[in-house]
Amino acid sequence: LNRLLNDGLIDFENNIGASVIDLEETDVVEVQELAAAYEMGAAHFAMQKGDLGQMAAEIQQHIKEYRASDNLQESCTCIRKIQDVFYRNAENQRLRNKSTSLSGVEEILHTLFTMQTPGTEHKYHSGITYFEKIHEAVQKGDFAGVCDGLDQHREWARQHILRNLEYVKQRDQEIMEK
């Protein structure tokens, strides 16, 4: 119960008990903003401490893997590997540990993102363009460019997440009415 509470998956009220959260747009935005704070902190320290050439090469390799992927799950794994380049090179275990504290809620957002709802087939591969911008920014040592790319990807992903969240809510409402 504590893990679910810490992950933000349940609300707890004294003398009432625990209940599963009802995910709303503000929850999506706030979780993404918190994750962004950790990501940008990791990118900042990685660009100070890491080897920019090696980081750029790793990111480029993951971009190639993404382009070669044939399903959404594989491409999302590549994106997570790109993000992990910053966490590993930041050399800050506490930052990495704190970022994983969001894993439960982020996994829900990820599941919403990867849902294949009517009309969403083949619309996800365009997301790699933001990481190509991030790759270029790392090569140049341009931290602001990295942040811009991360922000743009987050905004792009948010559109898919919110659309799929609305689809799930409508579907669930239809099921409840039957």
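Summary of the structure given here.

## Some points on the overall build of the chain
Piece 1. Looking only at helices and strands, the chain has eight helices and two strands in total.
Piece 2. Within the chain, residue pairs in contact and separated by at least 24 positions form 75% of the contacts whose partners lie at least 6 positions apart.
Piece 3. Accessible surface computed for the chain: about 10,400 Å², of which carbon and sulfur atoms make up 50%.

## What about the environment of Ala-137?
Piece 1. On the secondary structure map, Ala-137 appears in helix α7 (residues 128-140).
Piece 2. Considering only alpha carbons, one finds Ala-137 and Cys-147, ten residues apart in sequence, at a separation of 9.1 Å.
Piece 3. Among all residues touching Ala-137, those that are not within four sequence positions of it are Met-47, Asp-142, Gly-145 and Val-146.

## Digging into the packing of aromatic side chains
Piece 1. This structure, assessed with the given rule, holds two aromatic pairs.
Piece 2. Ring centres of Tyr-130 and Trp-156 lie 6.0 Å apart, and the angle between their planes is 50 degrees; this geometry places the pair in the tilted category. Of the two residues, Tyr-130 is situated in helix α7 and Trp-156 in helix α8 (residues 143-177); the sequence distance between them amounts to 26 residues.
Piece 3. Pairwise contacts between aromatic rings join Phe-113, Tyr-130 and Trp-156 into one cluster.

## A few points about the packing of helix α4 (residues 72-90) against helix α6 (residues 103-114)
Piece 1. Relative orientation of the contacting elements α4 and α6 amounts to 135 degrees, with a least axis distance of 11 Å. As judged from the angle between their axes, α4 and α6 are oblique. The two elements α4 and α6 cross, and the hand of that crossing is right-handed. On the side of α4, the interface is formed by Leu-72, Gln-73, Cys-76 and Arg-80, while α6 contributes Glu-107, His-110, Phe-113 and Thr-114.
Piece 2. Here the contact of α4 with α6 is composed, by residue class, of three nonpolar, three polar and two charged.

Thresholds applied
Residues numbered from 1 in each chain as written. Predicted model: local features only at pLDDT ≥ 70, side-chain atom pairs only at ≥ 80, totals over all residues. Heavy atoms only, no water. Helix = DSSP H or I, 4+ residues; strand = E, 2+ residues; numbered from the N terminus. Contact = heavy atoms within 4.5 Å. Areas by Shrake-Rupley, 256 points an atom, 1.4 Å probe, with all protein chains shown as cover. Phe/Tyr/Trp six-rings, centres within 6.5 Å; stacked < 30°, edge-to-face > 60°. Axes fitted to C-alpha atoms, helices over the stretch in contact; angles between N-to-C directions. Parallel < 35°, antiparallel > 145°, perpendicular 65-115°, else oblique. Left-handed = near helix turned anticlockwise from the far one by under 90°. Nonpolar A, V, L, I, M, F, W, Y, C, P; charged D, E, K, R; others polar.

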